[in-house]
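Here is how the chains run, residue by residue.
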Amino acid sequence: MTVDVTVVGGGISGLACARAVRDAGGSARVLDRGRRPGGRLASRTIDGRPVDLGASYFVVGDDRRFARVVADWEARGIARSWTDTFSAIDADGIETRKTGPMRWSAPAGLRSLALDLADGLDLESGRTVEHAAPFRVDGRDAGEVVLAMPEPQARRLADGIPVSPQEWEPVIAVALRWEERRWPVDLHGAFINGDPDVAFLADDGDRRGDGAPVLVVHTTGERAARHLDDPDAAIAPVTAAARRLLRIDVEPIAAHAHRWTFARPVRTTGEPFFRSPGLSVCGDAWGESAAVRTAWASGDALGRALAGS
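Read on for an overview of the structure. Computed from a prediction, not measured in an experiment: that's the story for all the values here.

1. Thoughts on the sheet that holds strand 8 (residues 132-133)
Argument step 1. Here we have 3 strands laid out as an open sheet, ordered 8-9-10, and antiparallel in their pairing. Single-partner strands in this sheet number two, and they are strand 8 and strand 10 (140-141).
Argument step 2. As paired elements, strand 9 (residues 136-137) and strand 10 share 2 bridges and run antiparallel to each other. Its bridge partner lying in strand 10, Arg136 is registered against Asp141.

See below:
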């Protein structure tokens, strides 16, 4: 049976698009190549607990529609306000505290928010799409086709897609576990300035609220680019950098690396989405700044446009 909209990509943007279509009375199907939806809202179970390996947090911003979604998540206990204070640490380990917008997290990992958005949708996981065209996916009727993914991936699926090429930066996320916390309890998260290996780190136990002695460290784009074929090779330099920056005097007891070839766009388009007859694109590159809220808003706006609402 042909649906009104086929969304390729089960990250937050694709799920928001499908939900907007459905909420407007249309029909939508989501095809995702992963075992579970989520995209870069990725949480992986490591040593018995979910660890956020993709997006580190989200900010609500001034989008009233997204704010209502977050308020519902909070009311049901699946999202929590985390912290408005991060550190800035320079390459010598000198720390400065910075107050900013409230960052939000999820007790069960950020993927749980994607799973909540996916609830009740027609979703096919483990589905690899080979080719997309206006109104067609892998040669079959698909209604309006939405590619909810980074532009380089969309271009691989759709020949001649009329979207300007976008540059994306890679990241390798390294989860490090100690027997006990070896850093200040009020660290929360930190932006690292001037280090060749590490750009950001987060206290995952603080973020999740269970106090686990786990750090998740995001590499610089330069370090990630050197290890895309072997992400585990980034563990040693990233561990050394994290220990030096936080003055941790013992090695972690476990480590796990995850590669993101297209982690974040170098710049965004300023437009909410791309739409053409039968084939559209949405995601966090289609807005004013790359963020979780941008990805949700892009998909939601495109879904409502396709549904005529």
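What follows continues from the structure just given.
2. Points about helix 7 (residues 235-246)
For an α-helix the count is 3.6 residues per turn, leaving residues at separations of three or four pointing the same way.
Argument step 1. Between the first and last C-alpha of helix 7 there are 16 Å, a value that for 12 residues agrees with the 16 Å anticipated at 1.5 Å per step.
Argument step 2. Within helix 7 the residues assigned to the buried category are Ile235, Val238, Thr239, Ala241, Ala242, Arg243, Leu245 and Leu246.
Argument step 3. Residues of helix 7 that are buried sit in contact with strand 5 (80-90), strand 12 (168-177), strand 13 (189-193), strand 14 (198-203), strand 15 (214-219) and strand 16 (254-265).

3. As for the side chain of Thr219
Argument step 1. With respect to the helices and strands, Thr219 occurs in strand 15.
Argument step 2. A polar atom in the side chain of Thr219 sits 3.0 Å from the backbone nitrogen of Ile172.
Argument step 3. When residues no more than four places from it in sequence are discounted, the contact partners of Thr219 are Val171, Ile172, Asp197, Val198, Ala199, Ala224, Val238 and Arg264.

4. So, unusual backbone geometry
Argument step 1. Despite not being glycine, Asp138 has its phi angle at roughly 50 degrees, a positive value.
Argument step 2. Within the secondary structure, Asp138 sits in the loop between strand 9 and strand 10.
Argument step 3. Using a relative accessible area of 27% as the deciding quantity, one classes Asp138 as partly exposed.
Argument step 4. Positive phi values are uncommon outside glycine, yet Arg247 reaches one of about 55 degrees.
Argument step 5. Residue position: Arg247 is located in the loop between helix 7 and strand 16.

5. Details of the sheet that holds strand 15
Argument step 1. The mixed open sheet is built from 7 strands, whose spatial order is 6-5-13-14-15-12-16. A strand with exactly one partner marks an edge of an open sheet, and here the two such strands are strand 6 (95-105) and strand 16. Going from strand to strand, the sheet's axes swing by 20 degrees on average, the running direction of each strand aside.
Argument step 2. Bridge count for strand 5 against strand 6 is 8 bridges, and the pairing is antiparallel. Across the sheet, the residue bridging to Ser81 is Trp104, located in strand 6.

6. Examining the pairing of strand 12
Argument step 1. Among the 10 residues of strand 12, 8 are classified as buried, and the element is accordingly described as predominantly covered.
Argument step 2. Relative to strand 15, strand 12 runs antiparallel, the two being bridged by 5 bridges. Within strand 15, the residue paired with Arg177 across the bridge is Val214.

The rules behind these values
- Residues numbered from 1 in each chain as written.
- Predicted model: local features only at pLDDT ≥ 70, side-chain atom pairs only at ≥ 80, totals over all residues.
- Heavy atoms only, no water.
- Pairing = 2+ DSSP bridges.
- Helix = DSSP H or I, 4+ residues; strand = E, 2+ residues; numbered from the N terminus.
- Expected span 1.5 Å × (residues − 1).
- Buried < 20%, exposed > 50% of the residue type's maximum accessible area, 1.4 Å probe, protein only.
- Contact = heavy atoms within 4.5 Å.
- Polar contact = N/O pair within 3.5 Å; in protein donor to acceptor, adjacent residues only side chain to side chain.
- Axes fitted to C-alpha atoms, helices over the stretch in contact; angles between N-to-C directions.

In short, the description is geometric, and any link to function would need to be established separately.
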